[in-house]
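# Fold and geometry: a report
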2 protein chains.
Amino acid sequence: MGSSAKEEARIADALCKAVLERKLAPGSKLPEEELAQIFRSNRAKIRRVLLSLSRSHIVTLEPGRGAFVSRPSPQEARDVLASRRLIEVSLLAHPYRKLSAQGATRLRRIMAQEAEAHEAHDAIAMIYISGQFHLTLIEELGNRVLKSITDELILRMSLIITMYERHNTTCCLSSDHHDLLELLLADNYAEASALMARHLEGIESCLDFHREPVTTTILSQILKPLRD
Amino acid sequence: MGSSAKEEARIADALCKAVLERKLAPGSKLPEEELAQIFRSNRAKIRRVLLSLSRSHIVTLEPGRGAFVSRPSPQEARDVLASRRLIEVSLLAHPYRKLSAQGATRLRRIMAQEAEAHEAHDAIAMIYISGQFHLTLIEELGNRVLKSITDELILRMSLIITMYERHNTTCCLSSDHHDLLELLLADNYAEASALMARHLEGIESCLDFHREPVTTTILSQILKPLRD
DNA sequence: GGGTATAGTATTGTAAACAATAATGGTTGA
DNA sequence: TCAACCATTATTGTTTACAATACTATACCC
C-alpha cells in the first residue's frame, strides 16, 4: 500500500505548518529520533522527510551534525522577497487568465476566514490564511507551477520574517486583500498589480536585516499538537 | 567527511545533464541497482538522489514500481512554459539591477561557446549552452533564487521538448541571444523583454501537444559515459 | 581559575539482510 | 490460438544492527 508516501507528506506538512505559524524557530535542531517519536514514525521516514524539506530550503542538513530549521541569510532573504514580488506583481499585471466567478468566490471565502481570525485576535491563523489568499490568487490567475513555486517562497518568507521582523509591527494588512479583490472584479489589473507591489513592499519594510536575529531554539514539545 | 553529499550531487548532476541533452527519454525506468552499478555507488545513495530529483519533478516515483523519468502532461507543460515566460520576460522588463560589464563578459563568453558548438554541428552542446545563457542572464539581472527556480524550469522544459517537439524544427535561435545582448548593452530593456517573449514563444510554437509522444525508453547504457 | 585533553555519551551515517510487491514466463484449459 | 492463472524471478521497501562522527562533562595541567 502507498500509505508510506502519505505518512511522509503528513509529517512534512506538520513541519511546514509549524514553520508557517512561527512555532519552529530558524536554527532549531531537528533530531531524527525525537521527530520519529513525536510523529510515531521511524528514523528512515523522518530522514526522507528532512531530505525533502532541505530541497525546499526549509531545512538545512549539516553532514554529521543533523538537520536544522534553515536560517536564511540577509542576501537570501532579499532574493526570496524580490522573487516573490516579481512573480506576484507580474502575474497580476499580465494574468494568465481573468478571475472567474468561481475564483472570486474562493477568495471571498478565504477573506471571511481572515476576518474571523482577526475578530478572534488569532494572529497565527491570520498568517496562515493570508498565505492561502495569495496562493489561491496565483492559482486562479496563473497556474499550478507558479503556485507551487510561490508556496515554497512563502514558507521561506515565514522563516525570514521570524528572523528579521522589526518589533511592534503588524505585517500583511488584511485590508489590502479586500481592495485587491475589488480591483480584480473591476478588471483593473494594472492597479491591482500596483497594489500588490505596495502590499509586498509593506511587508518588506517591516524587516531589519541589521538586527542579529534571536535564535529561540524551541524544543520540539511544540510539535506534538501538530502530529495529525 | 562530507563526501557523501558531494557524490550524490555528482550523480544528480549526471542524470540532469542526461535529461538536458535529451539522452534520457521521459518515461525511462531508472532501476536502483543498475544506477548504483553505473555510478559505482550503492542503492541507499541512489535512492536519496531519486527522491531529490522527484522533488524537482524530473523523476516520478511510483510506489512499489520504482523511479521513472517524468512525463509531463500537456497541462503541466503549458504551465511550465508560461511560468518560465513570466519570470524571464518580467525580469528583463524590470531587472533587479542593470547588466554589469562583468555580466556582459560572461554572456559573451557563453555566446562564443554557442557559436563554436554551432560550427561543430553539436546540437547537444548547443542545447546545454543555450540554457546556460538564460541562467546567466537571470543571475546577472536578477538573483540566485530566481536562477535556481529557472534552473528547474529549464530541466522540465527539456523533458517537454523531448516529448512534444514537432519534427523538422530548430528551437531556440541563437541569433536571438546575440540581439538580446545588444539590446541590454544599449539599456533598452523594454525591447529586450519583448524579444525574450518572442524568443520563448518561438520555442513553444515548435511544440505539438496533440502528437502522442514517443516513449523511447533508452537503456541506461547511455549513462555510463556520464559517470564523472 | 581557566583552558585543554580525554573518556563517555548521544546522534547521525551506512550497510546488509529480510520482507513485500510487482513484473515475467510458462502452463493449462477452453 | 488465445486467455487466464500460477509459479518464478526481479525489484523495491523496511528494519535492524553496527560504524563513524560530533557533542558533553569531567579531570588534569598550566
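Description of the structure in this document. In this text, all values refer to a predicted model and were calculated from it rather than measured experimentally. The numbering scheme is per chain: residues are counted from 1 as the chain's sequence reads. All chains are assigned letters beginning at A, and all ligands numbers beginning at 1, according to the order in which they are written. Only residues with pLDDT of at least 70 get local features here, since the model is predicted, and only at 80 or more are side-chain atom pairs given and counted; chain-wide, interface and lining totals rely on the full set of residues. Water and hydrogen atoms were dropped before computing side-chain values, which therefore reflect all heavy atoms in the structure.

## Brief notes about the overall build of chain A
- Of the regular secondary structure elements, chain A holds 9 helices and 3 strands.
- Counting from the amino terminus, helix and strand elements in chain A follow one another as α-β-α-α-β-β-α-α-α-α-α-α.
- Note on exposure labels: buried denotes an accessible area under 20% of the residue type's maximum, exposed denotes more than 50%, and partly exposed covers the range between, all computed with a 1.4 Å probe on protein chains only. Evaluated residue by residue, chain A yields a buried proportion of 50% over its 228 residues.
- Any pair of residues with heavy atoms lying within 4.5 Å of one another is described as a contacting pair. A sequence separation of at least 24 residues applies to 77% of the contacts in chain A between residues at least 6 apart.
- For accessible areas, the Shrake-Rupley method is used with a probe of radius 1.4 Å. Any residue's cover is judged against the shown protein chains and nothing else. Surface accessibility of chain A: about 11100 Å² in total, with carbon and sulfur atoms responsible for 52%. By the criteria applied, helices consist of DSSP H or I runs no shorter than four residues and strands consist of E runs no shorter than two, each listed in order from the N terminus.

## Looking at the protein's contact with DNA strand C
- Contacts to DNA strand C come from 15 residues, most closely from Arg43, Arg47 and Gly64 of chain A together with Asn42 and Arg65 of chain B.
- What makes a residue near a molecule or strand is one non-hydrogen atom of that residue sitting within 4 Å of it. Taken together, the sugar and phosphate atoms account for 76% of what DNA strand C places within 4 Å of the protein.
- One nitrogen or oxygen atom from the main chain of glutamate 32 of chain A is found 3.3 Å from a phosphate oxygen belonging to DNA strand C.
- Within the side chain of arginine 47 of chain A, one N or O atom sits 2.6 Å away from a phosphate oxygen of DNA strand C.
- Throughout this entry, Asp, Glu, Lys and Arg are counted as charged residues, while Ala, Val, Leu, Ile, Met, Phe, Trp, Tyr, Cys and Pro are counted as nonpolar. The remaining residues, Gly among them, count as polar. Considering only residue class, the surface near DNA strand C consists of 3 nonpolar, 5 polar and 7 charged. Any pair of nitrogen or oxygen atoms within 3.5 Å is treated as a polar contact; in protein, a donor-acceptor pairing is required on top of that, and neighbouring residues in sequence qualify only through side-chain atoms on both sides.

## Some words on the relation of the copies chain A and chain B
- Least-squares fitting of chain A to chain B yields an RMSD of 0.0 Å, with the transformation described by 0.0 Å of translation along the axis and a rotation of 180 degrees. Put plainly, the chains are arranged around a two-fold axis.
- In this assembly the copies share their binding face: 96% of the residues contributing to the interface of chain A also contribute to that of chain B. When the copies are superposed, the least-squares fit draws on C-alpha atoms of residues that have pLDDT of at least 70 in both.

## Describing the nonpolar core
- In this structure, Leu137 of chain A together with Leu137 of chain B are the most contacted members of the largest nonpolar core, which totals 83 residues.
- Setting aside its immediate chain neighbours within four residues, leucine 137 of chain B contacts Leu92, Leu107, Gly142, Leu180, Leu184 and Met196 of chain B. What we call a nonpolar core is a set of buried Ala, Val, Leu, Ile, Met, Phe, Trp, Tyr and Cys residues that are connected through their side-chain atoms within 4.5 Å.

## Some points on the packing of aromatic side chains
All names here are of chain A.
- Pairing of aromatic rings covers Phe, Tyr and the six-membered ring of Trp, with a centre-to-centre limit of 6.5 Å; geometry is then stacked below 30 degrees between planes, edge-to-face above 60, and tilted otherwise. A full pass over the atoms with the stated rule returns 2 aromatic pairs over all chains.
- Centroid distance tyrosine 164 to phenylalanine 209: 5.0 Å. Interplanar angle 75 degrees. Geometry classified as edge-to-face. Here phenylalanine 209 lies in the segment after α9 (189-204) and tyrosine 164 lies in helix α7 (residues 144-164), a separation of 45 residues in the sequence.
- The class for tyrosine 164 is buried, based on a relative accessible area of 4%.
- Any Lys NZ or Arg CZ that is within 6 Å of a ring centre and within 35 degrees of that ring's normal is treated as a charge sitting over the ring. A cation sits over an aromatic face here: lysine 17 above tyrosine 128, 5.3 Å from the ring centre.

## Brief notes about the sheet that holds strand β1 (residues 29-30) of chain B
- At least two bridges found by DSSP between two strands are what make those strands a pair. Across the sheet, which stays open at both edges, the 3 strands sit in the order β1-β3-β2 (chain B) with antiparallel pairing between neighbours. Lying at the two open borders of the sheet, with one neighbouring strand each, are β1 and β2 (59-62) of chain B.

## A look at the protein's contact with DNA strand D
- Contacts to DNA strand D come from 15 residues, most closely from Asn42 and Arg65 of chain A together with Arg43, Arg47 and Gly64 of chain B.
- Within 4 Å of the protein, the contacting atoms of DNA strand D are 72% sugar and phosphate, with bases supplying the remainder.
- The separation between a phosphate oxygen of DNA strand D and a polar side-chain atom of asparagine 42 of chain A is 2.8 Å.
- Interatomic distance of 3.4 Å between a side-chain N/O atom of arginine 48 of chain A and a phosphate oxygen of DNA strand D.
- Broken down by secondary-structure element, the contributors of at least two residues to the surface near DNA strand D are α3 (43-55) of chain A together with α3 (43-55) of chain B.
- Broken down by class, the residue content of the surface near DNA strand D amounts to 3 nonpolar, 5 polar and 7 charged.

## Observations regarding the environment of aspartate 179 of chain B
Residue and element names in this part refer to chain B.
- By the secondary structure assignment, aspartate 179 is in helix α8 (residues 174-185).
- Residue class for aspartate 179 comes out partly exposed when judged on its relative accessible area of 36%.
- Sequence separation of aspartate 179 and alanine 192 is 13 residues, and the distance between their C-alpha atoms is 8.3 Å.

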